[in-house]
Amino acid sequence: MLARFVFLLCAASCLSAAAQAAGVGPRLNNNQLYKFSYTTEVRVDRARGSPQGSTGYRLSSDVDVHLVWRDPSNKDDQLIQLAISNVRVEHVSKSSNKKSIIEGSTAESLFGNKKLSALTKPFMVHLKNGKTKAFYSYWAEPDTIKNLKRGVASLMQVQLHSGKVIENDVSGRCTIQYKAEKNQVTRTKILDTCKTPETGFTTHSKVLGVSKKASSVTVFTIEDGFLRSAVAEETHGLTVNAHKSTGAKVVSRQTLTLVGTEGGPLEAAGKDVTSVVKTIDAKLAAVGIIAEKVKSQCKGCPTLFQHWQSLQKLLEPNSLSKVSAPRSFLALIQSIRKASKDEILKVLKSASKTSLPQVVDAVTSSQTHASLDAMLEFLNFTDAKAFVLQERFLYACGFASHPNERMLKALLDISKGKIANNDIKESVVIIMGALVHKLCQKGGCNLPTVVEVKNMILKGPKSTQEESLVQMYLLALKNSMLPEAIPIFLKYAEADLGSYNTIALTALQRYDNSLMTEEVKHTVNRVFHQNRRIYEKNVRAAAADVILSGNPSIMEVKNLLLSIGHLPHEMNKYMLSKIQDILRFQMPASKTIHQAMKDMIVNNYDRFSKVGSSSSFSGFMARSADVTSTYSLDILYSGSGILRRSNMNMFGASGEAVLHGLQVAIEAQGLETLIAATPDEGEENLESFAGMSALLFDVQLRPVNFFKGYSDLMSKMFSMSGDPLSVVKGLLLLTDHSEVIQLQSGLKASAEFQGGLSIDISGGMEVSLWYRESKTSVNNRGALVVSGNVTVDMDFLKTGVEVSFDTEASLDFITTVQFSEYPFLVCIQMDKATFPISEHLTKYDSLPSGKNALSERSKKLIVPGSEFPLHQENSNMCKKVFDSSW
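Being a predicted model, the structure only gives us computed values, none of them experimental.

Here's the deal with the packing of aromatic side chains
Move 1: Summed over all chains, the structure comprises nine aromatic pairs.
Move 2: Ring centres of Phe 36 and Phe 226 lie 6.3 Å apart, and the angle between their planes is 50°; on these two criteria the pair is classed as tilted. Taken together, the positions of Phe 36 in strand β1 (residues 32-46) and Phe 226 in strand β10 (residues 226-240) put the pair 190 residues apart, joining distant regions of the chain. You'll find Phe 36 and Phe 226 in the same group, each marked buried.
Move 3: Aromatic ring contacts, followed pair by pair, group Tyr 34, Phe 36 and Phe 226 into a single cluster.
Move 4: Stacked on the ring of Phe 305, the Lys or Arg Lys 346 has its end atom at 4.5 Å from the ring centre.
Move 5: Just above the ring of Phe 528 sits the side chain of Arg 540; from NZ or CZ to the centre is 5.3 Å.

Below you can see the structure in the form of structure tokens.
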């Protein structure tokens, strides 16, 4: 054993000696000056652009390196000095020389004497075992200059053996993978692990979000234990998920090449690095190798108020359907994010009455401390007349791209205070549920305010007997998507009020199938099959939707199919149409339905030949490699021919992510007395009511009522103008991605991607007793702008690219019912108007003096209008309706 121990000890000693001899990092020789040539360039372009078409600049220089001090006991513990000289700047693309704004300029004229002098001032790096332990420069130097020096220093950091390590360099604290082969070492930086002082934000929705691909590889050539060359290439690409052609990239390259050696200074004497640095230059300080934040200064830029004055006319209500509205909205947000609270309040107080709601949208969507403080000071929730502004503020909070705890705390404080309008009081709580969901998605479920709001809305339904308040808490829970809310929804799915049933069941449908436990399935099946009591048709239809979308078993599907023929007349037709739609559209439940239909008792002519006007239909709105858009229309009528429920949905899918873009549900009940008809089973004593509920971009909004009660119905019947009732109107920030990309060269790229939507959703219901005809309509108008901007600001020179696309569109959904005879005639129309899609590309370079160069390209595509296809029965019915009308 002793012999073995001695052998292992000797072996370990030999390996250690060999490692010391070979070195774990590059070693410099005493009394020798190493002369390098250095170039760093940065290019920006659209995501799929070629290098020849890029814009950007190349910085070239000489770099002299020599050993200052070495630890006598460790040859890999070195202090080295680097000095940059002979600086040149040129455009990266030779084909663009004619347009280059720096042609004929010298480094001195571009940098300025002070900054160029700082750049060429020597700096020091403490290397130990190939790793940077300290970076010495001058605190008084501009941050951009120190960062450029850090970029050079980062190329001196390398380990000569393979392995994965964590290193600090100009990019931050990153995980690095080294691969050593003969005289070559490849360093791959895993960029998504890098931790830097500057953090950004992004949209919580993947469908509306931005995807990023990044790589950083440096190849070192080593000869005789020292660095002969280093070639680094770093690429960052960003694309909008829903429109991949709207993307941009930044490519950074560095090259450090040894061109020769000559006699240099002798090694300095000293006990340690700190004392040696102080002896050489007392002003040198360890300023850190990780890049510092650079505060960008905009000389000659307009103030927020000046910017607002130039945009005001474009944000008037009559301009909201044009792309100029969301484009101006996005530009205003960028200005607000840089403004103080007082500057924002000045704009709010000066805006006209018609443009003020749009300003509220922009200020709230900015999501800065100053903007939230300004809104809270500006709005007075004890003033019932300011209803519109208060609601626009709340909706903008609900659609916030990256809300924080402070925003939720503000809404919580509002809910605890005095609120003059009951609708606003309900909206505050409903929107708080949406913010809870978004904060939980980001891992903030345990934040103090989130916990307090969760407790409030979870306990809310049983804390009151008032119907409107119970609905308010249920809608807030629906928005929150909390797993803890499922038992509450199960309770209210079987409650005595149909309004509770519908909210609870539609909320359950939003949950992931993994949460659809046996208890959930048993409850929903009891509702549909009326095991405990009789339910309204629309409640049973909602229960069927939950069953069919929740990975149903064969037995569940068989029981649903067997119920067809025993349901109320129009319910039979609705269920039959729903099953056929699932099979035709190949939804997830289609395989189970096919299996169940092998049973001839389930699948027979009698069951599948039911007639009626109710229907369910799904189709594609658009299909591309980037995103798939689908729509669905579910129409359920009462046995008397009056609309019971109309439900329109639109979904967007990108990859595996799905976004519920829009849901507009119109419900009506208790209208049979108007035509002396008999109500269906379970609906004999329902109060006359019609209303609309909207869900927009996964956020449930407060429902609106057309009328409630017989007296309200009759008063509006005789005063009905046919004008649509607005459900939601405003400007929404859909895509919101901001980050600072720290390049290994020391330069920084700023990436901003925003998507703005101006939207106007309205709905109406007309009933004509004279013509015995009813008409419901849902009108959607909007304009969309998505833009991405990647800028590299070198302080003395700015270069960048902006990519964008925009469109204006309208979509109308109209249902006409003629109940003068039976069977009544029903015509459903879903019309899309002709609309344009435009794409734009802008490349730009600018100097602080104001001199700039701009290159713009654009293309436009016209998409013809059309009527979305529905089932053939609907087409036949529409022909009869219009023929009879004519």
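Topic: the packing of helix α19 (residues 537-549) against helix α21 (residues 569-585)
Move 1: Two elements in contact, α19 and α21, have axes whose closest approach is 11 Å; the angle formed by their N-to-C orientations is 20°. Accordingly, the angle class assigned to the pair α19 and α21 is roughly parallel. Two packed elements cross with a definite hand, and for α19 against α21 that hand is right-handed. Residues Lys 537, Arg 540, Ala 541, Ala 544, Asp 545 and Leu 548 of α19 form the contact with α21, whose own contacting residues are Met 571, Tyr 574, Met 575, Lys 578, Ile 579 and Ile 582.
Move 2: Among the residues making up the contact of α19 with α21, the classes are represented as eight nonpolar, no polar and four charged.

Topic: the sheet that holds β1
Remark on secondary structure: sheet strands pair via backbone hydrogen bonds, oriented parallel or antiparallel.
Move 1: Here 12 strands make up an open sheet; going across it, the order is β6-β7-β8-β9-β10-β11-β1-β2-β3-β4-β5-β12 and the pairing antiparallel. Edge positions in the sheet fall to β6 (163-169) and β12 (285-286), since each of these pairs with one other strand and no more.
Move 2: In this sheet, β10 lies alongside strand β9 (residues 210-223) in antiparallel orientation, the contact comprising 14 bridges. Of the residues in β10, the one forming a bridge with Ile 222 is Leu 227.
Move 3: Each of β1, β2 (55-71), β3 (74-91), β4 (123-128), β5 (131-137) and β11 (243-263) is contacted by helix α4 (residues 143-153), which is oriented at about 150° to β5, the strand it contacts most.
Move 4: In the packing of helix α5 (residues 273-280) onto the sheet, contacts are made with β2, β3, β4 and β5, and the angle to β2 comes to roughly 110°.

A closer look at unusual backbone geometry
Move 1: The phi angle at Asn 31 is positive, at roughly 60°, despite the residue not being glycine.
Move 2: Residue placement: Asn 31 occurs in the loop between α1 (2-22) and β1.
Move 3: Judged by relative accessible area, which is 40%, Asn 31 ranks as partly exposed.

Regarding the environment of Arg 540
Move 1: The residue Arg 540 is located in helix α19 in this model.
Move 2: Look at Arg 540 and you get buried, because its relative accessible area is 7%.
Move 3: Residues Arg 540 and Ser 216, 324 residues apart in the sequence, show an inter-C-alpha distance of 57 Å.
Move 4: Every residue in contact with Arg 540, bar those within four places of it in the chain, is listed here: Val 527, Phe 528, His 529, Gln 530, Tyr 535, Leu 567, Pro 568 and Met 571.

Description of the pairing of strand β22 (residues 773-793)
Move 1: In terms of burial, β22 is a largely internal element, 16 of the 21 residues being buried.
Move 2: Where strand β21 (residues 748-768) meets β22, 20 bridges bridge the pair, whose relative direction is antiparallel. Looking across to β22, one finds that Gln 754 is bridged to Ser 787.
Move 3: Pairing analysis gives 21 bridges linking β22 to strand β23 (residues 798-818), with the strands arranged antiparallel. Residue Ala 783 lies in a different strand from β23, and its bridge partner there is Glu 808.
Move 4: Between β22 and β23, which pair antiparallel in sequence order, lie four residues; one of them, Asp 795, sits at a positive phi of approximately 80°.

What to know about the pattern of salt bridges
Move 1: Enumeration according to the criterion identifies 41 salt bridges in this entry.
Move 2: Arg 510 serves as the salt-bridge partner of Asp 698, at 3.9 Å between the closest nitrogen and oxygen. Placement of Asp 698 in the loop between β17 (689-696) and β18 (699-700) and of Arg 510 in the loop between α17 (498-508) and α18 (518-529) is noted, with a sequence separation of 188 residues between them.
Move 3: Overall, the relative accessible area of 25% leaves Asp 698 in the partly exposed class.
Move 4: A salt bridge links Glu 536 to Arg 644, with the nearest nitrogen and oxygen atoms 2.7 Å apart. You can see Glu 536 sitting in the loop between α18 and α19 and its partner Arg 644 sitting in strand β15 (residues 643-654), a full 108 residues away along the chain.
Move 5: Bridged by salt links that share partners, the residues Glu 41, Arg 43, Arg 58, Glu 90, Glu 233 and Arg 253 form one connected network.

Re the state of the cysteines
Move 1: Summed over all chains, the structure comprises three disulfides.
Move 2: Paired through a disulfide, Cys 174 and Cys 194 show a sulfur-sulfur distance of 2.0 Å. The sign of the S-S torsion, about 120°, decides the handedness of the disulfide formed by Cys 174 and Cys 194: right-handed. Pair noted here: Cys 174 is in strand β7 (residues 172-181) and Cys 194 is in strand β8 (residues 184-195), with a separation of 20 residues, a long-range link.
Move 3: Residue Cys 174 is classed as buried on the basis of its relative accessible area, which comes to 1%.
Move 4: Note on cysteine connectivity: Cys 827 is disulfide-linked to Cys 878, with sulfurs 2.0 Å apart. Judged by the sign of its S-S torsion, about 95°, the cystine formed by Cys 827 and Cys 878 is right-handed. Here Cys 827, found in strand β24 (residues 825-832), pairs with Cys 878, found in helix α24 (residues 872-885); they are 51 residues apart in sequence, far enough to count as distant. For the pair Cys 827 and Cys 878, one class covers both residues: buried.
Move 5: In this structure Cys 397 is not part of a disulfide, and its nearest cysteine sulfur, from Cys 440, lies 17 Å away.
Move 6: With relative accessibility at 0%, the residue Cys 397 sits in the buried group.

Rules of the game
- Per chain, the residues get numbers from 1 upward, laid out in the order the sequence is written.
- Side-chain atom pairs in this predicted model are given and counted only at pLDDT of 80 or more, local residue features only at pLDDT of at least 70, and totals for whole chains, interfaces and linings cover all residues.
- Hydrogens and water are ignored here; the side-chain numbers use all heavy atoms of the structure.
- When the centres of two rings from Phe, Tyr and Trp lie within 6.5 Å, Trp using its six-membered ring, the rings pair. Their planes under 30 degrees apart give stacked, over 60 give edge-to-face, and anything left gives tilted.
- Only DSSP runs of H or I reaching four residues or more are called helices, and only runs of E reaching two or more are called strands; each is numbered from the N terminus.
- Burial classes follow relative accessibility: with a 1.4 Å probe on protein chains only, a residue under 20% of its type's maximum area counts as buried, one over 50% as exposed, and anything between as partly exposed.
- Placement of a positive charge over a ring is assigned whenever Lys NZ or Arg CZ falls within 6 Å of the ring centre and within 35 degrees of the normal to the ring plane.
- Orientation is described by axes fitted as lines to C-alpha atoms, over the contacting stretch for helices, and by angles from 0 to 180 degrees between their N-to-C directions.
- Note that the term roughly parallel is reserved for angles under 35 degrees, roughly antiparallel for angles over 145, roughly perpendicular for angles of 65 to 115, and oblique for everything else.
- For any pair of crossing helices, the crossing counts as left-handed if the nearer helix is rotated counterclockwise from the farther one by less than a right angle, and right-handed if it is rotated clockwise.
- Residue contacts are defined here by distance: any two heavy atoms, one from each residue, within 4.5 Å place the two residues in contact.
- Basically, the charged four are Asp, Glu, Lys and Arg, the nonpolar ten are Ala, Val, Leu, Ile, Met, Phe, Trp, Tyr, Cys and Pro, and anything else, Gly included, counts as polar.
- For two strands to be treated as a pair, DSSP must find at least two bridges joining them.
- The term salt bridge refers to a side-chain nitrogen of Lys or Arg lying within 4 Å of a carboxyl oxygen of Asp or Glu.
- Throughout, disulfides are identified as pairs of cysteine sulfur atoms within 2.5 Å of each other.

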